[in-house]
Amino acid sequence: MTGQHGKFVWYELMTTDTKAAQTFYENVIGWRGSDAGMPGMEYTLFSVGDRHVAGLMTMPEGALEMKIPPAWLGYVAVDDVDAAAAKLAADGGNVHRAPDDIPGVGRFAIVTDPHGAVFALFKGTSEEPPALEQMAPGNVGWHELMAGDLDTAFPFYSNLFGWTKDQAMDMGDMGTYQIFAWNGTQIGGMMTKPKDVPAPYWLYYFNVEALDAAIERAKAGGAKIVLEPMEVPGGSWIVQCTDPQGALFALVAPKR
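Residues numbered from 1 in each chain as written. Predicted model: local features only at pLDDT ≥ 70, side-chain atom pairs only at ≥ 80, totals over all residues. Heavy atoms only, no water.

Undergrad: When you look at the overall build of the protein in this model, what are you seeing that I'm missing?
TA: Summing up its helical and strand segments, the protein has 5 helices and 16 strands in all. Computed over C-alpha atoms, the radius of gyration of the protein comes to 17 Å, within 12% of the 18 Å expected from 2.2 N^0.38 for 256 residues, which places it in the range of a compact globule. Reported as C-alpha extents along the three principal axes, the dimensions of the protein are approximately 50 × 45 × 40 Å. Across the 256 residues that make up the protein, the buried fraction comes to 45%. In the form shown here, the protein has an accessible surface area of approximately 12400 Å², with 54% of it arising from carbon and sulfur atoms. Of the charged side chains in the protein, 17 are positive and 31 negative; the average position of the first set lies 2 Å away from that of the second. (Helix = DSSP H or I, 4+ residues; strand = E, 2+ residues; numbered from the N terminus. Rg over C-alpha atoms; globule rule 2.2 N^0.38 Å. Buried < 20%, exposed > 50% of the residue type's maximum accessible area, 1.4 Å probe, protein only. Areas by Shrake-Rupley, 256 points an atom, 1.4 Å probe, with all protein chains shown as cover. Lys, Arg positive; Asp, Glu negative; His and termini not counted. Charge placed at Lys NZ, Arg CZ, Asp CG, Glu CD.)

Undergrad: Explain the layout of surface pockets here, please?
TA: Regions of empty space are outlined by a rolling probe, equal in size to a water molecule, passed over the atoms. Its volume calculated, the second largest pocket comes out at about 730 Å³. In terms of lining residues, the second largest pocket is bounded by 28 residues, among which Glu144, Tyr177, Tyr205, Val232 and Ile238 are the most central. Of all elements in the fold, only strand S9 (140–147), strand S10 (164–170), strand S11 (176–182), strand S12 (185–192), strand S13 (201–207), strand S14 (224–231), strand S15 (237–242) and strand S16 (248–253) reach the threshold of two or more residues within the lining of the second largest pocket. Looking at the lining of the second largest pocket element by element, the count peaks at 4 residues for S9. Considering only residue class, the lining of the second largest pocket consists of 21 nonpolar, 6 polar and 1 charged. (1 Å grid on protein atoms, 1.4 Å probe; cavity = no way out; pocket = protein on both sides within 12 Å on 5 of 7 lines; lining within 4 Å. Points joined across faces, edges and corners; volume = space filled by probe spheres on them. Nonpolar A, V, L, I, M, F, W, Y, C, P; charged D, E, K, R; others polar.)

Undergrad: I'm lost on the sheet that holds strand S1 (residues 8–15) in this one. Help?
TA: Note on sheets: strands pair through backbone hydrogen bonds, and any given pair is parallel or antiparallel. On the basis of which strands lie adjacent, the open sheet formed by 8 strands has the order S2-S3-S4-S1-S5-S8-S7-S6 and mixed pairing. Edge strands, defined here as strands with exactly one partner in the open sheet, are strand S2 (32–35) and strand S6 (94–102). Here the strands of the sheet are splayed against their neighbours by 25 degrees on average, with no regard to which way each runs. Where helix H3 (residues 81–90) meets the sheet, it contacts S6, strand S7 (106–112) and strand S8 (118–124), and its direction lies at approximately 180 degrees from that of S6. (Pairing = 2+ DSSP bridges. Axes fitted to C-alpha atoms, helices over the stretch in contact; angles between N-to-C directions. Contact = heavy atoms within 4.5 Å.)

Undergrad: Can you help me understand the pairing of S12 in this one?
TA: Consecutive residues of a regular strand have side chains that alternate between opposite faces of the sheet. As paired strands, S9 and S12 are joined by 5 bridges and run parallel to one another. If you follow His143 over to S12, its bridge partner there is Gly188. With 5 bridges connecting them, S11 and S12 associate as antiparallel partners. Bridge pairing in S12 places Ile179 opposite Gly189.

Undergrad: How do you make sense of the environment of Leu251 when you look at a structure like this?
TA: Relative to the elements of secondary structure, Leu251 occurs in strand S16. Given a relative accessible area of 0%, Leu251 falls into the buried group. As for Leu251 and Glu231, which are separated by 20 residues in sequence, their C-alpha atoms are 12 Å apart. In this structure, Leu251 is in contact with Val28, Ile29, Tyr205, Phe206, Val208, Leu211, Ala214, Trp237, Ile238 and Val239, ignoring residues within four places of it in sequence.

Undergrad: Would you explain the sheet that holds S15 in this entry?
TA: The strand order S10-S11-S12-S9-S13-S16-S15-S14 describes an open sheet built from 8 strands, whose pairing is mixed. Each edge of the sheet is formed by a strand with only one pairing partner; in this case those strands are S10 and S14. With direction set aside, neighbouring strand axes in the sheet form an average angle of 25 degrees. Sheet strands touched by helix H1 (residues 18–29): S13 and S16. Its angle to S16, the strand with the most contacts, is close to 15 degrees.

Undergrad: I'm lost on the packing of H1 against helix H5 (residues 211–220) in this one. Help?
TA: The geometry of a pair of packed helices is captured by two quantities: the angle between their axes and the separation between those axes. Close contact between H1 and H5 brings their axes to 8 Å; oriented N to C, the two are set at 160 degrees. In this view, H1 runs roughly antiparallel relative to H5, as classed from their interaxial angle. Pair H1 / H5 crosses with right-handed handedness. Contacts from Phe24, Asn27 and Val28 in H1 reach Ala214, Arg217 and Ala218 in H5. (Parallel < 35°, antiparallel > 145°, perpendicular 65-115°, else oblique. Left-handed = near helix turned anticlockwise from the far one by under 90°.)

Undergrad: Would you explain the UniProt feature "domain: VOC" (unreviewed entry) in the protein in this entry?
TA: The UniProt record marks residues 7–124 and 139–254 with the feature "domain: VOC" (unreviewed entry), using the residue numbering of this structure. As annotated, residues 139–254 comprises 19% helix and 49% strand, and the C-alpha atoms at either end are separated by 14 Å. (UniProt positions renumbered as here; feature names shortened; annotations may be inferred.)

Undergrad: Explain a nonpolar patch on the surface here, please?
TA: On the surface, a nonpolar cluster with roughly 230 Å² of combined accessible area is contributed by Val226, Leu227 and Met230. Among the structural elements, Met230 can be located in strand S14. Exposure remark for Met230: the relative accessible area of 35% places this residue in the partly exposed category. (Patch = residues over 30% accessible without salt bridge, like charges linked within 9 Å, V, L, I, M, F, W, Y side chains within 5 Å. Salt bridge = Lys/Arg side-chain N within 4 Å of Asp/Glu carboxyl O.)

Here is the structure:
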């Protein structure tokens, strides 16, 4: 994990029907799912070729009792999970699951920013193989935060992860869309969430080769379109959806 601090390194879907979710994402994104072989729990690994990209697990009972919906969770690498969690808390964030070890995998903590957007801190126990290219099919090409307040959210994340401001786009009445970079590479954007959105959240954009075909696969599998297909600066096309269990996700492609 040397030099990885501040980089998104893992994505995990917690859902109510793992078998259905596995079939759905394999069909839509082209992943291959396999059992991780973790003692005492069922955990599915999604892969592109020989590279693991994401994981899948059943939601904890406590989450269901709290009426927390199925959702994708992003893991951000840090040099020291305990130190990062303490720093996050001191800066107004909340630690919802204290730093803990996953035997043979790494150490993690589940946290929220000061406005309530959920993500995870992570440090692996071993060097990972070289990552996929950011825009490779099946990888996550973009990370987007619908923030409680952009003016305070960006400094929080920048202070925690070293992210830097890149291009800022004027979205009119919706405010500013601030692109951010990790080690000089654009990896995502953030903006103050619309007032009708109940809570801040992170959204992950999965790369597909062509958008319309992926949308048809998603709809055939039971997905619902939340934001209709649109072209974004740079020429890529995006769509936002919910999967059959209700988890929000997005697709991005270089062409329709």
